[in-house]
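Chain and residue survey
Spelled out from the first residue to the last, the chains are:
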Amino acid sequence: MGKPSDLVQGTLDLLILRTLAWEPMHGWGIANRIEQVSGNVLLVQQGSLYPALHRLEEQGWIASSWGESENKRKAKFYCLTPDGKARLETERWQWERLSGAIHLVMEQS
Amino acid sequence: MRLWKRVRMAWYSLTGRENRDQELSEELSAHLEMEFEARMAKGESMDSARRNARLALGNMTGVAEATRGNWSFSLLTDLGQDMSFAYRLMRKSPVFTLAAVASLALGIGANTAIFSVFRMTLLDPLAVHAPEDLYQLAFRTMESRPDSYTASFSYPLIQVIAKEATTLSAVTCSASRQPSYRAGSNSRLIPAELVCGNLFDVLGLKPALGRLLTAEDNIKAGGHPVVVLAHHFWRSEFGGDPDVMGKTLELNRNKFTVIGVAPPTYFSMSKGNTPALFLPIVMDGTLQGGPSDTNTRQSWWIRVMLRRKPGVPADAMNAEMTALLQRDWEFSDREELNDYRKKLISSTAASVMSAERGFDTVRRERLYGKAFQLLIGVVAVVLLIACINIANLLLARATARQREISTRLAIGASRWRLVRQLLTESMALALLGGAAGLLLAIGLERVLVFEAFGRSALLSVPEVPTPRVLLTTLGLSIVAGLGFGLAPALTADRQGIRASHRITGRKLMVSFQVALSVLLLSGAGLFLQTLENLRRIDSGFRRENLLTMSIAPEAGGRSREALLGYYRNVTEALRETPGVSGVSLSSIGMLAGSQWGSGIQVAGVVIPPGEPTPLRNAVGSGFFTVIGAKLLEGRDFGEVDNRPDAAKVAIVNESFARKYFGKESALGRKIGRGAQLRPGLKDEPIHSIIGVVKDLKDSRINEAVEMYWYVPYEQQERIEGMNVNVRTSGDATQMMALLRARVAQVDPYVPISRESTMAMAVEDQIRQERLVARLSAFFAGVALLLAVVGLYGVMAYTVERRSKEIGIRMALGETRGSILWRVLRETLIYICIGAIAGVPMALGLGFAAEKLLYGVKPADWVSIGIAVMMISTFGLMAGLVSARRAASIEPMSALRIE
């Protein structure tokens, strides 16, 4: 990582982990859920969703298995691993710190 | 177990790649379907839903590629893919692959071989414990010539050093000998080393078998008839027999018991020497059949190795050794201690020399350093030319592959991925070339060592390539692969989007190749002329059909009369052999590379001490007639002179006569050897000069002329071992076996060695020059070939690219002749640029290699001219082929293309 897109990328990871904390879900479901929950403010780039999912899986924060979707379709479901739960907490804490800090700066003017 | 998990994952990522790809594509299709259905449910039309679903996900291949990039070991799996693609490409163009691999193999193989011989000879430390603490003892006096040193010492002095030196942790020694070894009914001379008992301890060596010599094996002169075998000798002579211990060897008619075998990694403290045996040095007398020299302070014959105490600076060692040397010399000097001697002794200064790389590193560097540097340069240039060629070919191919590359970019391949693919292809080529080069290097290394140092040095060449050789090859392959792969890979990346029509870079590279060829060709010209000049040197005697061999009857057990009788018998036996037109003996062999001096006295001439004295030889009757030398005054030795009781006579050479007698006649003047040999013994000048001979170069072919004087061998003491000189009426080479058999008939137990014709002896002495000449000529040829191929490639490519333009020109009425000339002119321009750049390079080479030349000026316009002519001729021929193709283009079909 360490690219200019760090913030966005990190944010996407956080959002995925948070979404999977509710229940195991497939890729499309994750994107959809994020959009719905954020009131259509956060639009997930579908193209960058799968690289992120596979990266998180390689890091051992989420695990995958094949299952059946609501429409009886074969789909790959992701769920949060114990490591992933811990990671979510760290990311959440970092995010709160960051957004708090930004908030403080904005209030100053 | 993390490691194990990672290994498993790596394995899975390589083998399970297809499954995983399959899963990914299923996952993405499922996503598309869900998106599609969701959009349909929202009321979009089927077409629009499908389209928008795809748009939302983006380029499928791109997404898949980006996702795969996040898998572990994705680099590894991509590499696997790239390799298999590279392999398919190579299969598709076998001629290109073969040419590229072959030229690389040649370049890499030659570089590896020469560099590894260079390293073995000059860079590698001795394979012993802590070689960095080893120093060779040497000293200089005010009599020493510049750049020279004396490195021989007496055994008593070594013992003094061992006892008193505080800067050293140990001192050890060795001296070379050639004892006659009897195996069955034959005797032959084998190389052996007399060594101090502690040698193996000091060097930290462990026996391969049995035990090695210790200090206890080297105490009483003549009291330790034991021998340690060199590993190679144990293998070749005893077939690696594990029960060799306790067997006896007969050396110079004395029996020695085998106590062990040295480790295979150790040969000698002198690099390149491959002694077969190691004997205690106190056994020197037994070996020679006389008293031991280890008891005399006056015999300085042993080379000394010092091991310094850790951290002691060389200056401290020098100071201590200087003091010990001066004290010992003053105490034991064999001459009267006059003022001159005192001054000489006090001018003595020890200079210890690092022996990390063996004895006489400085001398070896002086002898071989320059030649090796030159050869390394030559082969590096060849590799460079080969790389330029392949880069050119790859560039041409990359242009031809533009469509493929554009397609790949369009369907979502990343640039970096593409560059990696192209680099993998060139790396695969380079590694193939490297593998073939390694095979070549192994063979070439042996050829090089044989050519440069002779057969015996081959023993020290490892049979399997060492890890360092393997690393060198691998390193060279990678550098070469990057070198010729990087440029095409990076430009191909740009060309993937917009084709570049500029090929100026490639044309310049071709000119550079031409320049390098001029450099190598003219260099080869210089060295070939040097070789030819050396072969044609006037040595003052006729070398055709003259052959020599050494006979070395052991001194032990033979009286002086018996020895003289044996020599007379050998002379007679050879004279009676059909095909022989003359025979004469000499104590120093013709062109044997050895010299013998013993000081001089000339009646009526005062010779200041310290002045260089003449060299000396003892010869048989008719010697100068047999070797075909020219007598300027007087007569040759006759039978009457070569008798112990005959009147003492001598013949001197021209330089001798001129130096001591000026323009006066030398005939009748009295001379004798210098009076410094044995203390107390006063020689008078008793030899009357009966002849003056033209100067000979009979020691080394390219030596400076020395003063010489000759006496009949029966009139002097030193007669153990003589050389037989035979003039044949037919081809000497064919007579050699017969003559050897005739000598062996006289006494089968006398070892015969070093039989050679003068032509062979000359070749032996110009090994280094011959090696340089042959290799540089060979590689200049390779460079020429590669440059011409490169030139052809570029011209052919130019013509092909411009076929449409040529078609138009012809359609507009330009003649075929004019087209032909147009292409030829372009070729000529590249050659001219190359030649103009090459001439200064060639001149530079000439001056840099001046020390390696003989009879040729560094700025040799003939060599340069021939070089330029050769590259121009062959280059134009290559251009002509392309030009003719251009001229034969049919305008109609050329314009119809595309």
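Since this is a predicted model, take the numbers as computed values, not measurements.

**Notes on the overall build of chain B**
Along its length, chain B carries 27 helices and 25 strands. The C-alpha radius of gyration computed for chain B amounts to 37 Å, which surpasses the reference 29 Å derived for 898 residues by more than 25%, pointing to a less compact arrangement than a globule. Taking the principal axes of the C-alpha coordinates as reference, chain B spans close to 130 × 80 × 55 Å. A burial count over chain B gives 52% of its 898 residues as buried. Taking the intrachain contacts of chain B between residues at least 6 apart in sequence as the baseline, contacts between residues at least 24 apart amount to 80%. Accessible area for chain B stands at about 40900 Å²; split by element, carbon and sulfur atoms hold 59% of it. Across chain B, the 104 positively charged side chains and the 84 negatively charged ones have centroids separated by 6 Å.

**Topic: the confidence of the model for chain B**
Residues and elements named next belong to chain B. Scored by pLDDT, chain B comes out at a mean of 86, with 93% of its residues at no less than 70. Under a pLDDT of 50 for its full length, residues 495-500 has, in the predicted model, ten contacts with residues more than four places off or in other chains. Confidence drops under a pLDDT of 50 for residues 677-681, and excluding neighbours within four residues, the segment shows four contacts in the predicted structure. Among the prediction metrics, the complex's ipTM stands at 0.82, with pTM recorded as 0.76.

**Describing unusual backbone geometry**
Positive phi values are uncommon outside glycine, yet A130(B) reaches one of about 40 degrees. Within the element layout of this structure, A130(B) appears in the loop between helix 6 (94-123) and strand 1 (134-136).

**Structural notes on the confidence of the model for chain A**
When pLDDT is averaged along chain A, the result is 82, and 90% of the positions lie at 70 or above. Predicted confidence is poor over residues 1-7 of chain A, with pLDDT under 50, and the contacts of this stretch with residues over four places away or in other chains come to five contacts.

**A short note on the pairing of strand 2 (residues 62-68) of chain A**
Residues and elements named next belong to chain A. In the sheet, strand 2 pairs with strand 3 (residues 74-80) via seven bridges, with the strands oriented antiparallel. Paired with W66 across the two strands is K76, which belongs to strand 3. Linking strand 2 to strand 3, which pair antiparallel, is a turn of five residues; within it K72 sits at a positive phi near 60 degrees.

**Considerations on the environment of L784(B)**
All names here are of chain B. Along the chain, the position of L784 falls in helix 23 (residues 767-801). Judged by relative accessible area, L784 falls into the buried class, the value being 8%. A sequence separation of 86 residues divides L784 from M870, and the C-alpha atoms of the two residues are 8.4 Å apart. Each residue touching L784, except ones within four places of it in the same chain, is listed here: S517, L521, M870, I871 and F874.

**Things to note about the side chain of D13(A)**
Residues and elements named next belong to chain A. When you line up the elements, D13 lands in helix 1 (residues 6-22). Separated by 3.1 Å, the side chains of D13 and R55 make a polar contact. Those residues within four positions of D13 in sequence are excluded, and the remaining contacts are A52, R55, L56 and E91.

**What to know about the interface of chain A and chain B**
Across the contact, 18 residues belong to chain A and 23 residues belong to chain B. The contact between chain A and chain B buries some 1900 Å² in all, and 53% of this surface belongs to carbon and sulfur atoms. The three residues of chain A that bury the most area against chain B are W28(A), Y50(A) and E58(A), which together make up 34% of that side's buried surface. Along the contact surface separating chain A from chain B lie two salt bridges. E27(B) is paired through a salt bridge with K76(A); the nearest N and O atoms lie 3.7 Å apart. In this structure, the connection of chain A to chain B is made through five residue pairs in polar contact (both at pLDDT 80 or more). Of all the secondary-structure elements, those providing two or more residues to the side of chain A that touches chain B are helix 2 (27-37), helix 3 (46-58) and strand 3 of chain A. Examining the composition of the side of chain A that touches chain B, we find that eight residues originate from one element, helix 3 of chain A, more than from any other. The class makeup of the residues in the side of chain A that touches chain B is seven nonpolar, six polar and five charged.

**Here we look at the state of the cysteines**
All names here are of chain B. In total, this model carries one disulfide over all chains according to the counting rule given. Residue pairing for C173: its cysteine sulfur links by disulfide to C196, the two sulfurs lying 2.0 Å apart. Classification of the bridge connecting C173 and C196 rests on its S-S torsion, roughly 95 degrees, and on that basis the disulfide is right-handed. Of this pair, C173 sits in strand 3 (residues 168-177) while C196 is found in the loop between strand 6 (192-195) and helix 8 (199-202), placing the two residues 23 residues apart along the sequence. Both residues of the pair, C173 and C196, count as buried.

**Comments concerning helix 18 (residues 560-575) of chain B**
All names here are of chain B. Given a rise of 1.5 Å per residue, 16 residues ought to cover 22 Å, and the 23 Å separating the end C-alpha atoms of helix 18 matches this to within 8%. Listed in full, the buried residues belonging to helix 18 are L563, L564, G565, Y566, Y567, V570, T571, A573 and L574. Residues of helix 18 that are buried sit in contact with strand 15 (546-551), strand 16 (580-586), strand 24 (722-728) and helix 21 (732-746).

**Considerations on the packing of helix 23 of chain B against helix 25 (residues 816-848) of chain B**
Residues and elements named next belong to chain B. Contact geometry of helix 23 with helix 25 gives a least axis separation of 11 Å together with a crossing angle of 145 degrees. Relative to helix 25, the crossing made by helix 23 is right-handed. Counting all contacts with helix 23, which are made through L791, M795, T798 and V799, the residues of helix 25 involved are V823, E826, T827, Y830 and I831. Of the residues belonging to the contact of helix 23 with helix 25, the class tally is six nonpolar, two polar and one charged.

**With respect to the packing of helix 11 (residues 314-332) of chain B against helix 12 (residues 339-346) of chain B**
All names here are of chain B. In contact at an axis separation of 9 Å, helix 11 and helix 12 are set at 155 degrees when each is read in the N-to-C sense. Comparing their axes, helix 12 and helix 11 come out roughly antiparallel. Considering how the two elements wind past one another, helix 11 and helix 12 form a crossing that is right-handed. For the pair helix 11 and helix 12, the contacting residues are Q326, W329 and E330 in the first and R341, L344, I345 and S346 in the second.

**Here's the deal with the side chain of S426(B)**
Residue and element names in this part refer to chain B. Locating S426 in the fold gives a position in helix 15 (residues 415-453). Within the structure, the side chain of S426 is placed 3.0 Å from the backbone oxygen of L423, a separation counted as a polar contact. Discounting chain neighbours no more than four positions away, the residues touching S426 are L394, G481, F484 and G485.

**Describing the pattern of salt bridges**
All names here are of chain B. Evaluation of the coordinates by the stated rule reveals 39 salt bridges over all chains. Of the charged contacts in the structure, one is a salt bridge between D538 and K694, with a shortest N-O distance of 3.7 Å. With D538 in the loop between helix 17 (504-535) and strand 15 and K694 in the loop between strand 22 (687-693) and strand 23 (708-712), this pair connects stretches of sequence that are 156 residues apart. If you follow the salt bridges from partner to partner, you end up with R802, E805, R809, E814, R822 and E826 in one network.

**Describing the pairing of strand 9 (residues 248-251) of chain B**
Every regular strand shows the same layout, with side chains that alternate between the two sheet faces. All names here are of chain B. The alternating pattern of strand 9 places L249 and L251 on a buried face and T248 and E250 on a face that is not buried. Sheet topology note: the strand 4 (residues 180-183)/strand 9 ladder contains two bridges and is antiparallel. If you follow Y181 over to strand 9, its bridge partner there is L251. Strand direction decides the pairing type here: strand 9 and strand 10 (residues 254-261), joined by four bridges, are antiparallel. Counterpart to E250 in the pairing with strand 10 is K255. Between strand 9 and the antiparallel strand that follows it, strand 10, lie two residues; N252 among them carries a positive phi value of about 45 degrees.

Parameters at a glance
Residues numbered from 1 in each chain as written. Chains lettered and ligands numbered in written order. Predicted model: local features only at pLDDT ≥ 70, side-chain atom pairs only at ≥ 80, totals over all residues. Heavy atoms only, no water. Helix = DSSP H or I, 4+ residues; strand = E, 2+ residues; numbered from the N terminus. Rg over C-alpha atoms; globule rule 2.2 N^0.38 Å. Buried < 20%, exposed > 50% of the residue type's maximum accessible area, 1.4 Å probe, protein only. Contact = heavy atoms within 4.5 Å. Areas by Shrake-Rupley, 256 points an atom, 1.4 Å probe, with all protein chains shown as cover. Lys, Arg positive; Asp, Glu negative; His and termini not counted. Charge placed at Lys NZ, Arg CZ, Asp CG, Glu CD. pLDDT = per-residue confidence, 0-100. Pairing = 2+ DSSP bridges. Polar contact = N/O pair within 3.5 Å; in protein donor to acceptor, adjacent residues only side chain to side chain. Buried area = accessible area lost by both parts, 1.4 Å probe. Salt bridge = Lys/Arg side-chain N within 4 Å of Asp/Glu carboxyl O. Nonpolar A, V, L, I, M, F, W, Y, C, P; charged D, E, K, R; others polar. Disulfide = S-S within 2.5 Å. Expected span 1.5 Å × (residues − 1). Axes fitted to C-alpha atoms, helices over the stretch in contact; angles between N-to-C directions. Left-handed = near helix turned anticlockwise from the far one by under 90°. Parallel < 35°, antiparallel > 145°, perpendicular 65-115°, else oblique.

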